[in-house]
Amino acid sequence: MSKNEGNFWVDEENEELVLEDESGEERFYIDEEFNYEGTTYLILIPAEEGEEEEALLLKLIKKEGEEMLSLIEDDEEFERVKNY
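Residues numbered from 1 in each chain as written. Predicted model: local features only at pLDDT ≥ 70, side-chain atom pairs only at ≥ 80, totals over all residues. Heavy atoms only, no water.

## Topic: the pairing of strand β2 (residues 16-21)
- The element β2 is largely enclosed, with a buried count of five among its six residues.
- In this antiparallel pair of consecutive strands, β2 and strand β3 (residues 24-36), the connection spans two residues. (Buried < 20%, exposed > 50% of the residue type's maximum accessible area, 1.4 Å probe, protein only. Helix = DSSP H or I, 4+ residues; strand = E, 2+ residues; numbered from the N terminus. Pairing = 2+ DSSP bridges.)

This is how it looks when you write it as structure tokens:
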């Protein structure tokens, strides 16, 4: 994702989570979804072949009544969640 927050939806036919921001769409498989300290987090793996195999750790936030996925900007929060 090229920005901190993006809209998303699940493509049930392909079993992929689709992230959309101003630069377009990216598709991922949900490797894991879990709750930690009252927040939902997702570990995503790129769905497209040839993409780097690095996983993304994102958190689910609610903004203006809509659910969005966000990068974890706080280093301490990222380390706590990563080591959970």
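## Concerning the pattern of salt bridges
- Applying the stated criterion across every chain, the model contains five salt bridges.
- A salt bridge links arginine 80 to glutamate 37, with the shortest nitrogen-to-oxygen separation between them at 3.8 Å. Linking arginine 80 in helix α1 (residues 75-82) with glutamate 37 in the loop between β3 and β4 (39-46), this pair joins segments that are 43 residues apart in sequence.
- By relative accessible area, arginine 80 is classed as partly exposed at 38%.
- Note that glutamate 77 is salt-bridged to lysine 59, the shortest N-O span being 3.3 Å. On the criterion of sequence distance, the pair formed by glutamate 77 in helix α1 and lysine 59 in strand β5 (residues 56-63) is long-range, its members being 18 residues apart.
- According to the relative accessible area criterion, lysine 59 is buried, its value standing at 19%. (Salt bridge = Lys/Arg side-chain N within 4 Å of Asp/Glu carboxyl O.)

## Description of the packing of aromatic side chains
- Using the criterion set out here, one finds three aromatic pairs in the structure.
- Pairing tyrosine 36 with tyrosine 84 gives two aromatic rings, centres 4.5 Å apart and planes at 50°, and the pair type is tilted. Placement of tyrosine 36 in strand β3 and of tyrosine 84 in the segment after α1 is noted, with a sequence separation of 48 residues between them.
- Assessed through its relative accessible area of 59%, tyrosine 84 is described here as exposed.
- Each member of the aromatic cluster is reached from another via a ring pair, and the members are Phe34, Tyr36, Tyr41 and Tyr84. (Phe/Tyr/Trp six-rings, centres within 6.5 Å; stacked < 30°, edge-to-face > 60°.)

## Concerning the side chain of glutamate 77
- Residue glutamate 77 is classed as buried on the basis of its relative accessible area of 13%.
- At a separation of 3.3 Å, a polar atom in the side chain of glutamate 77 contacts the side chain of lysine 59.
- Dropping the residues within four chain positions of it, glutamate 77 is found in contact with Tyr41, Lys59 and Ile72. (Polar contact = N/O pair within 3.5 Å; in protein donor to acceptor, adjacent residues only side chain to side chain. Contact = heavy atoms within 4.5 Å.)

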